[in-house]
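# Report on the structure
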Amino acid sequence: MFQTKLVEGMVARGYEREFAERCFKQIEGFGSYGFPESHAQRFARLVYVSAWIKHYHPAVFACALLNSQPMGFYAPAQLVRDAQEHGVEARPVDINASDWDSKLEGPLLALRLGFRQMDGFRREWADALIFARKDGRFTDIENLASRAHLPTAALRKLADADAFSSLAKSRRDAGWEARRTPTD
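Since the model is a prediction, treat every value here as computed from it, not as a measurement.

## Some thoughts on the overall build of the protein chain
Tallying secondary structure elements over the protein chain gives 9 helices and 3 strands in all. Against the 2.2 N^0.38 benchmark of 16 Å for 184 residues, the protein chain shows a C-alpha radius of gyration of 23 Å, more extended than a compact globule. Here the protein chain holds 184 residues, and 32% of them are scored as buried. Taking contacts inside the protein chain between residues at least 6 apart in sequence as the whole, the part at least 24 apart equals 44%. Taken as a whole, the protein chain presents about 12100 Å² of accessible surface, with 55% of it coming from carbon and sulfur. Across the protein chain, the mean location of the 26 positive side-chain charges is 1 Å away from that of the 24 negative side-chain charges.

## So, unusual backbone geometry
For the bond from Q69 to P70, the omega torsion is 0°, close enough to zero to count as cis. Within the fold, P70 resides in the loop between α4 (58–67) and α5 (76–85). Even without being a glycine, H149 presents a positive backbone phi close to 55°. Considering the arrangement of structural elements, one finds H149 in the loop between α7 (141–148) and α8 (152–160). Looking at H149, the relative accessible area reads 53%, which means it is exposed. A positive phi angle, near 60°, is found at D162, a position not held by glycine. Tracing the sequence through the fold places D162 in the loop between α8 and α9 (171–180).

## Examining the pattern of salt bridges
Any two side chains of opposite charge can pair, on the condition that their charged atoms come close. Summed over the entire model, instances satisfying the criterion amount to 12 salt bridges. Two residues, R17 and E8, come together in a salt bridge whose shortest N-O distance is 2.8 Å. Overall, the relative accessible area of 37% leaves R17 in the partly exposed class. Here E8 falls in the partly exposed class, since its relative accessible area comes to 37%. E89 serves as the salt-bridge partner of R91, at 3.0 Å between the closest nitrogen and oxygen. Since its relative accessible area comes to 44%, E89 is described here as partly exposed. Overlapping salt bridges bring together E89, R91, E105 and R112 as one network.

## A word on the environment of G136
Note that G136 resides in the loop between α6 (123–133) and α7. On the basis of relative accessibility, which here comes to 26%, the residue G136 falls in the partly exposed class. In sequence terms G136 and A178 are 42 residues apart; their C-alpha atoms lie 20 Å from each other.

## What about the environment of F138?
The residue F138 is located in the loop between α6 and α7 in this model. Under the relative-accessibility criterion, F138 is labelled buried at 2%. Separated by 133 residues in sequence, F138 and K5 place their C-alpha atoms 61 Å apart. If sequence neighbours within four positions are ignored, F138 has contacts with I95, N96, L129, A132, R133, N143, L144, R147 and L167.

## Some remarks on the packing of aromatic side chains
Enumeration over the complete set of coordinates arrives at 4 aromatic pairs. An angle of 20° between the planes, with centres 5.8 Å apart, marks the rings of Y15 and F19 as stacked. Under the relative-accessibility criterion, F19 is labelled partly exposed at 33%. Each ring, one from F121 and one from W125, has its centre 5.4 Å from the other, and the planes form 65°; the classification is edge-to-face. Summarising the burial analysis for this pair, F121 and W125 share the class buried. An aromatic cluster of three or more residues is present, and its members are F115, F121 and W125.

Criteria and cut-off values
Residues numbered from 1 in each chain as written. Predicted model: local features only at pLDDT ≥ 70, side-chain atom pairs only at ≥ 80, totals over all residues. Heavy atoms only, no water. Helix = DSSP H or I, 4+ residues; strand = E, 2+ residues; numbered from the N terminus. Rg over C-alpha atoms; globule rule 2.2 N^0.38 Å. Buried < 20%, exposed > 50% of the residue type's maximum accessible area, 1.4 Å probe, protein only. Contact = heavy atoms within 4.5 Å. Areas by Shrake-Rupley, 256 points an atom, 1.4 Å probe, with all protein chains shown as cover. Lys, Arg positive; Asp, Glu negative; His and termini not counted. Charge placed at Lys NZ, Arg CZ, Asp CG, Glu CD. Salt bridge = Lys/Arg side-chain N within 4 Å of Asp/Glu carboxyl O. Phe/Tyr/Trp six-rings, centres within 6.5 Å; stacked < 30°, edge-to-face > 60°.

Written as structure tokens, this is what we have:
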């Protein structure tokens, strides 16, 4: 029954019958040893629930996957692009809004990327930045450096990630300012 459905469906879509039959044989072979029934049932449920969440709550789905990285399946950029293609507003990492993890903002659940999405940005830098932000928004890069006691390397990574947009700083201008800002 399944063999006919798969093979005929593939042939109807333009695949060679021989190729379609080989595909079925590979699936059939794996199914006989690689996926015990109890595991298959649990996996099917996980897939169904994941698909349901992705369909009805794409921002929640994307946020959860981003915060579960690294998983090895999809790169964060692919997850963000897919979320955007499903109507999710993705907001970049920002010194005045981001936390370590990605989060959801506003009533429409926009996805705010977290500092963990930045290559080489250390957790302790993010923690220091978030702690210093409790005293109010950062007004410029020097203000951030002095309040959070961030090294030049952290400031440069923030500039490279364009995380100063709430200060109306372009990536280039922020990069130059980060390089000349005195740090502890």
